[in-house]
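# Commentary on secondary and tertiary structure
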Amino acid sequence: MSSTEAFLASFAAILIGAAAGMGLRRALPAEWLEGGAKEAIRLGAGLLSTLAALVIGLMIASAKNTFDNQNSNIRQLGTNAALADQMLTKYGPEAKAARTLLREIIPSATARIWRENNAGKGREPSFVVSEMAERFFRAVEGLNPANAEQTSLKSRIIQITTDMGRTRLLVFTQADDAIPLPFFIVLVFWLVVIFASFSLFAEPGLLVMISTLVFALSVSSALFLIVDLSHPFQGLMQISNHHLQMVLPKVE
């Protein structure tokens, strides 16, 4: 479910709930909305409002955690790529082929991460290492150290490239939706009931209708931001890939 779909669905559902409350107010006898019934409905709506506020807080924390984890993975991938390039540069001219391959796989891996994370649930991401990445790993493994310093550098380069592969896999394994659809549906149902209870006791008028519209828009906007945050590679607040594209200088 995209953030736009979440916004439109919740906004429409909340307005339908508010309209249903206004319709019930006209249809029910006036004495039904007085005394104990009125107090019971208000207490129930207050309880649901508290639960909805708690759930929205949990959803915000979950979505922000998902976004931060993926953003950290992408930054770690770029950091490791820059560090591997520095180690290869320090290794010597023998590592020039590996440095060239590294500059080819980073843009390719970046495009693949964004493409496969945006593919949706109908298409599972591929965990198979690309042919270009295999060539890079073979180029690193094929380095023949001529002294102790190069031996140490090769060991560190292998460790860094291994970390890069692990980070890439983390990006895919952490790509599940942070907000399960049943969770979202239940929350929207609660909001529908809450807004229906509000309009059930409010005298219909221009101010009431405008206020209901503004409140519905505000709540739906919050759900839009939550769902948008839970999809870090698409939408309004998606992670930038600019630093991954620009992290490596040209090979001299």
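Residues numbered from 1 in each chain as written. Predicted model: local features only at pLDDT ≥ 70, side-chain atom pairs only at ≥ 80, totals over all residues. Heavy atoms only, no water.

Below, the discussion takes up the overall build of the chain. A tally of regular secondary structure across the chain gives 8 helices and 0 strands. Element order for the chain, N to C, with α for helix and β for strand: α-α-α-α-α-α-α-α. Over its C-alpha trace the chain gives a radius of gyration of 27 Å, far above what one expects of a compact globule, namely 18 Å for 252 residues. Here the C-alpha coordinates of the chain stretch approximately 95 × 30 × 25 Å along the principal axes. Within the chain, the proportion of its 252 residues that are buried is 38%. Put simply, of all contacts in the chain between residues at least 6 apart along the chain, 84% involve residues at least 24 apart. Looking at the chain as shown, the accessible area adds up to about 13800 Å², and 64% of this sits on carbon and sulfur atoms. Across the chain, the 21 positively charged side chains and the 20 negatively charged ones have centroids separated by 5 Å. (Helix = DSSP H or I, 4+ residues; strand = E, 2+ residues; numbered from the N terminus. Rg over C-alpha atoms; globule rule 2.2 N^0.38 Å. Buried < 20%, exposed > 50% of the residue type's maximum accessible area, 1.4 Å probe, protein only. Contact = heavy atoms within 4.5 Å. Areas by Shrake-Rupley, 256 points an atom, 1.4 Å probe, with all protein chains shown as cover. Lys, Arg positive; Asp, Glu negative; His and termini not counted. Charge placed at Lys NZ, Arg CZ, Asp CG, Glu CD.)

Moving on to the nonpolar core. With 52 residues, the main nonpolar core has Ile74, Leu88, Leu102, Ile113, Phe136, Phe184 and Leu187 as its most contacted residues. For this core, the elements supplying multiple residues, two or more each, are α1 (3–27), α2 (36–91), α3 (96–117), α4 (131–141), α5 (148–173), α6 (181–200) and α7 (206–229). Ranked by residues supplied to this core, first place goes to α2 with 14 residues. Once you skip the residues sitting within four places of it in the chain, isoleucine 113 turns out to touch Ile74, Leu77, Val171, Phe172 and Phe233. (Core = buried A, V, L, I, M, F, W, Y, C linked by side-chain atoms within 4.5 Å.)

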